[in-house]
Amino acid sequence: MLDQQNRQQFLDNLAQQLGREFRSTVTGSYLQLNNYPTTRLTELSIDERCEAFVEFATQTMLVNCKMTTPEHASTDILALCKQYGGGPVILNDDVRLVGLGITSAIQTQYETHIWAENSAETNRTFANSANIGIVFAEYGLTESGGIVLFSNAQSGRSVSLLPKVSIVVLKKSTILPRVAQLSEILHQKAKSGERMPSCINLIAGPSSTADIELIKVVGVHGPVAKAYLIIDDTK
C-alpha cells in the first residue's frame, strides 16, 4: 500500500510540474514516423542479406565466415576443425548435420561425442573439455550478424557455450533481416500450437568486452572463437 501511495505521489508531482492534471489513460494521437522495426533490411534480396550478414559478423563480431555448398560441407568443416586445433569435438544429435555428412566426417577424424538425450552429465562433462562444438542454427540475423539456436532433448546449449571454439552451420536461405521477422515466425509457431523449444538463444559472435579503456577483448567467457559455415542452398 505504501509503495502505491509513493507511486501516486510521484506521478501527481510529475503531472504538476508539467502543468496538467494526472492522466491514467492515453489521450490524443501520435504520428508514427516510420516502421523501421518491421521493415528495416527487408528490401534486400537473399544474396544481399547474406553479404550484409557476413560483413557484419566478420568485421564487428570477429566471426570467421566460410561459404560452402551441401556437397562440400563435410570437407570444409574438417578444414575448419583443423584450423582451430582439431578435437575433441561435440555435436548435437541433429539430422541436418547427419544429412550433410558432417557428423560422420567428424567421427572418422576426431574423438567425438554426440549429444544424447538421457546422458545429461556425460554431455556436459564432454562439452566442458571439448575443443570444438558444432551446432546447426535455425536462423541468421542480418542486422546483428548473430544466429538463433533452439534447444531441445537432442540439441543442448552446452554444445555451443562450453567448448573453446563454436562452429555454427547455417543455411543461407534462413538468414532473416532482423529480430522482428524471427518474432513473427515464433508467434505463428505458437499460434498454430507447435511445441516451442525449451530455450531460444540469440548469439552474436564470441563474448567480448571493451569496458576497460575502450579496448576490446574477445573471448571473455564461453567460446574464444566462433566460425560460421554457411551452406548455399539457394541455387
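Right above here is the structure, for reference.
In this report, the structure presented in the accompanying data block is examined. (Residues numbered from 1 in each chain as written. Predicted model: local features only at pLDDT ≥ 70, side-chain atom pairs only at ≥ 80, totals over all residues. Heavy atoms only, no water.)

1. Some remarks on the packing of aromatic side chains
And step 1. A full pass over the atoms with the stated rule returns two aromatic pairs.
And step 2. Between Y139 and F150, the ring centres sit 6.4 Å apart and the planes meet at 70°, which makes this aromatic pair edge-to-face. Here F150 lies in strand β6 (residues 146-151) and Y139 lies in strand β5 (residues 139-141), a separation of 11 residues in the sequence. Comparing Y139 with F150 shows no difference in burial state: the two are buried. (Phe/Tyr/Trp six-rings, centres within 6.5 Å; stacked < 30°, edge-to-face > 60°. Helix = DSSP H or I, 4+ residues; strand = E, 2+ residues; numbered from the N terminus. Buried < 20%, exposed > 50% of the residue type's maximum accessible area, 1.4 Å probe, protein only.)

2. Focus: helix α6 (residues 102-109)
And step 1. The set of residues buried in α6 consists of I102, T103, A105 and I106. The arc enclosing the buried residues of α6, seen along the axis, measures out at 165°, which places them on a common side.
And step 2. Those residues of α6 hidden inside the fold are in contact with α4 (73-83), β2 (89-91), α5 (95-99), β3 (112-114), β4 (132-136) and β7 (165-171). (Arc of directions from axis to C-beta. Contact = heavy atoms within 4.5 Å.)

3. Looking at the pattern of salt bridges
And step 1. In the structure shown here, the tally under the stated rule is nine salt bridges.
And step 2. We note a salt bridge from K172 to D232, for which the minimum N-O separation is 3.9 Å. Residue K172 is located in the loop between β7 and β8 (175-176), and its partner D232 is located in the segment after β12 (225-231); the two are separated by 60 residues in the primary sequence.
And step 3. Owing to a relative accessible area of 6%, K172 belongs among the buried residues under this scheme.
And step 4. In this structure, the salt-bridge partner of K235 is D232, at a minimum N-O distance of 3.6 Å.
And step 5. You can call K235 exposed: its relative accessible area is 87%.
And step 6. Under the relative-accessibility criterion, D232 is labelled buried at 13%.
And step 7. Taken together, the salt bridges that share partners define one network made up of D47, K172, D232 and K235. (Salt bridge = Lys/Arg side-chain N within 4 Å of Asp/Glu carboxyl O.)

4. What to know about the pairing of β7
And step 1. In terms of burial, β7 is a largely internal element, six of the seven residues being buried.
And step 2. Relative to β12, β7 runs parallel, the two sharing seven bridges. In the strand pairing of β12, V168 is matched with Y228. (Pairing = 2+ DSSP bridges.)

5. With respect to the state of the cysteines
And step 1. As enumerated under the stated definition, the model contains zero disulfides in all.
And step 2. The closest cysteine sulfur to the non-disulfide-bonded C65 is located on C50, 8.5 Å from its own sulfur. (Disulfide = S-S within 2.5 Å.)

6. Quick notes on the sheet that holds β3
The strands making up a sheet are joined through hydrogen bonds of the backbone, oriented either antiparallel or parallel.
And step 1. Pairing in this open sheet of six strands is parallel, and the strands run β1-β12-β7-β4-β2-β3 from one edge to the other. Among the strands making up the open sheet, the edge pair consists of β1 (64-68) and β3. If you compare each strand with its neighbour and ignore which way they point, the axes differ by 20° on average.
And step 2. Pairing between β2 and β4: three bridges, direction parallel. Across the sheet, I90 pairs through a bridge with G133, a residue of β4.
And step 3. Contacts between helix α7 (residues 120-129) and the sheet are confined to β2 and β3, with β3 contributing the most and set at about 140° to the helix. (Axes fitted to C-alpha atoms, helices over the stretch in contact; angles between N-to-C directions.)

7. Things to note about the packing of α4 against α6
And step 1. Relative orientation of the contacting elements α4 and α6 amounts to 45°, with a least axis distance of 9 Å. Our classification of the angle between α4 and α6 gives oblique. With respect to the hand of their crossing, α4 and α6 are arranged in right-handed fashion. Contacts between α4 and α6 pair A73, S74, I77, L78 and C81 from the former with I102, A105, I106 and Q109 from the latter. (Parallel < 35°, antiparallel > 145°, perpendicular 65-115°, else oblique. Left-handed = near helix turned anticlockwise from the far one by under 90°.)

8. Concerning the side chain of N201
And step 1. For N201, the location among the structural elements is in strand β9 (residues 199-203).
And step 2. Using a relative accessible area of 16% as the deciding quantity, one classes N201 as buried.
And step 3. If we skip the residues at most four places from it in the chain, N201 touches I147, V148, L149, S151 and R157.

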